[in-house]
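One-letter residues, chain by chain:
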Amino acid sequence: MIQIKNLYFKYEDELVLNNINLRLNDSSYTAIIGANGSGKTTLAKHLNALLLPTKGTVIVDEIDTKKDQFNVRKNVGFIFQSPEDQLVHSIVEEDIAFGLENIGIETDAIKNKVRTILRLLNIEYLAKKNVNMISAGQKQLTALAGVLVMEPKYIVFDEPTTTLDNKNKRNIMGIIAKLNKKDKIGIILVTNLLSDIKYAENVVVMGEGKIIFNDKKSKLNKSILKKAGLDV
Ligand SMILES: Nc1ncnc2c1ncn2[C@@H]1O[C@H](COP(=O)(O)OP(=O)(O)O)[C@@H](O)[C@H]1O
Ligand SMILES: [Mg+2]
């Protein structure tokens with residue numbers, strides 16, 4: 001379980017998160033939706049200690065993100081809005097292996113794990129490709145493979161569909177839904193598109209640094225979305 005208690009966050013002088021309280025259960029699927037600039041990415045980055053609270057706490061499975069960033073990051077994978085930001089090696093399979101190498105896993109075990117993930121995502125054909133020569137959708141799957149190979153308990157996706165065409169959108173949304181349903185990975189999907197919340201069970205709506213709705217998706221209505229400045 002991830003627990004956020006009385007979280008405030010400032011970039012310099014600007015208050016961007018204003019008293020956020022939120023609980024994300026194991027194996028749940030939560031969409032965080034809000035207009036541009038409402039603080040979604042800032043909130044999402046607190047879930048894996050990429051940002052630390054100015055005030056308040058974020059606790060991931062009993063671990064305070066301020067106290068043990070290494071173990072928090074092991075539990076919570078993060079897929080950036082621009083996958084280029086997280087690709088470090090030039091060959092796909094080397095990139096996917098990077099996190100495992102960092103924690104000292106032996107070479108044969110790494111090879112097996114990477115192969116398994118490539119198969120799971122149906123991207124074996126990308127293994128030897130140069131990451132600079134593949135499409136946006138393929139880059140995103142490579143970034144996801146690099147996260148999955150670490151076997152996280154939760155994965156945060158920051159606007160995963162923005163750079164994709166419809167076919168790749170459907171593919172990634174289907175993969176995310178399956179990771180939740182089949183592999184029981186807790187999903188936090190950040191978006192500003194209503195079409196992206198299709199598979200989520202819970203929805204958090206953000207407006208100007210505050211949570212203005214947090215409930216089952218079935219309880220969401222147009223007036224809340226309008227209040228958040230979203231197109232309905
Ligand atoms: N690195 C940063 N430094 C200063 N201000 C930032 C930074 N990142 C975001 N902000 C500001 O914080 C607010 C929320 O941004 P963000 O969390 O990226 O919102 P969203 O993801 O919902 O578009 C915006 O006003 C934005 O300009
Ligand atoms: Mg954002």
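Everything discussed here concerns the structure shown above.
Here is a short report on the structure shown in this document. (Residues numbered from 1 in each chain as written. Chains lettered and ligands numbered in written order. Predicted model: local features only at pLDDT ≥ 70, side-chain atom pairs only at ≥ 80, totals over all residues.)

### Considerations on the sheet that holds strand S6 (residues 76–79)
Sheet architecture is open: six strands sit in the order S6-S7-S8-S3-S9-S10, paired in mixed fashion. Unpaired on one side and paired on the other, S6 and strand S10 (210–216) mark the two borders of the sheet. Averaged over all neighbouring strand pairs, the angle between strand axes comes to 15°, with direction disregarded. Looking at chain direction, strand S7 (residues 154–158) and strand S8 (residues 186–191) are connected through five bridges and run parallel. Within S8, the residue paired with Asp-158 across the bridge is Val-190. (Pairing = 2+ DSSP bridges. Helix = DSSP H or I, 4+ residues; strand = E, 2+ residues; numbered from the N terminus. Axes fitted to C-alpha atoms, helices over the stretch in contact; angles between N-to-C directions.)

### Focus on the site of ligand 1
Neighbouring ligand 1 are Tyr-11, Glu-14, Val-16, Gly-34, Asn-36, Gly-37, Ser-38, Gly-39, Lys-40, Thr-41 and Thr-42. Within the residue set of the shell around ligand 1, elements represented by two or more residues are strand S2 (14–24) and helix H1 (40–46). Among the elements that make up the shell around ligand 1, the one with the highest residue count is H1 (three residues). The residue makeup of the shell around ligand 1, split by class, is two nonpolar, seven polar and two charged. (Near = placed C-beta within 6 Å. Nonpolar A, V, L, I, M, F, W, Y, C, P; charged D, E, K, R; others polar.)

### Focus on the packing of helix H3 (residues 92–102) against helix H5 (residues 136–148)
Between H3 and H5, the shortest axis-to-axis distance is 7 Å and the interhelical angle comes to 30°. Helix-helix and strand crossings are classified by hand; for H3 and H5 the assignment is right-handed. Contacts from Val-92, Asp-95, Ile-96, Phe-98 and Gly-99 of H3 reach H5 at Thr-142, Ala-145 and Gly-146. Across the contact of H3 with H5, the residue classes break down as four nonpolar, three polar and one charged. (Left-handed = near helix turned anticlockwise from the far one by under 90°. Contact = placed C-beta atoms within 7 Å.)

### Structural notes on the nonpolar core
One finds Ile-32, Ile-79, Ala-145, Ile-155, Val-156 and Ile-188 to be the most contacted residues of the largest nonpolar core, which totals 62 residues. The element best represented in this core is H5, accounting for six residues. (Core = buried A, V, L, I, M, F, W, Y, C linked by C-beta atoms within 7 Å. Buried ≥ 20, exposed ≤ 12 C-beta atoms within 10 Å, placed from the backbone.)

### A few points about the pairing of S2
Taken together, the eight bridges between strand S1 (residues 2–11) and S2 define a ladder with antiparallel strand orientation. Across the sheet, the residue bridging to Gln-3 is Arg-23, located in S2. Here S1 folds back onto S2 in antiparallel fashion, the turn holding two residues, of which Glu-12 has a positive phi close to 50°.

### A look at helix H6 (residues 166–181)
For H6, with 16 residues, the first-to-last C-alpha span of 22 Å sits near the 22 Å given by 1.5 Å per residue. Against the buried residues of H6 lie strand S3 (29–34), H5, S7 and S8. (Expected span 1.5 Å × (residues − 1).)

### Here we look at the sheet that holds S1
Taken together, the four strands give an open sheet; going across it, the order is S2-S1-S4-S5, and neighbouring strands pair in antiparallel fashion. Each edge of the open sheet carries a strand with a single partner, namely S2 and strand S5 (63–64). Note: S1 against strand S4 (residues 55–60), five bridges, orientation antiparallel. In the strand pairing of S4, Ile-4 is matched with Val-58.

### A look at unusual backbone geometry
Despite not being glycine, Asn-19 shows a phi value in the positive range, around 60°. Mapping Asn-19 onto the fold places it in strand S2. A residue is classified by how many C-beta atoms lie within 10 Å of it, and Asn-19, with 14 of them, is partly exposed.

### Thoughts on the packing of H3 against helix H4 (residues 107–120)
Direction vectors running N to C along H3 and H4 enclose 125°, while the axes themselves pass 10 Å from each other. The orientation of H3 relative to H4 falls into the category oblique. Taken as a pair, H3 and H4 cross one another with a handedness that is right-handed. Note on element contacts: H4 touches H3 through Ile-110, Lys-113, Val-114 and Ile-117, opposite Glu-93, Ile-96, Ala-97, Leu-100 and Glu-101. Of the residues contributing to the contact of H3 with H4, the split by class is six nonpolar, no polar and three charged. (Parallel < 35°, antiparallel > 145°, perpendicular 65-115°, else oblique.)

Don't take any of this as a statement about function, it's just geometry.
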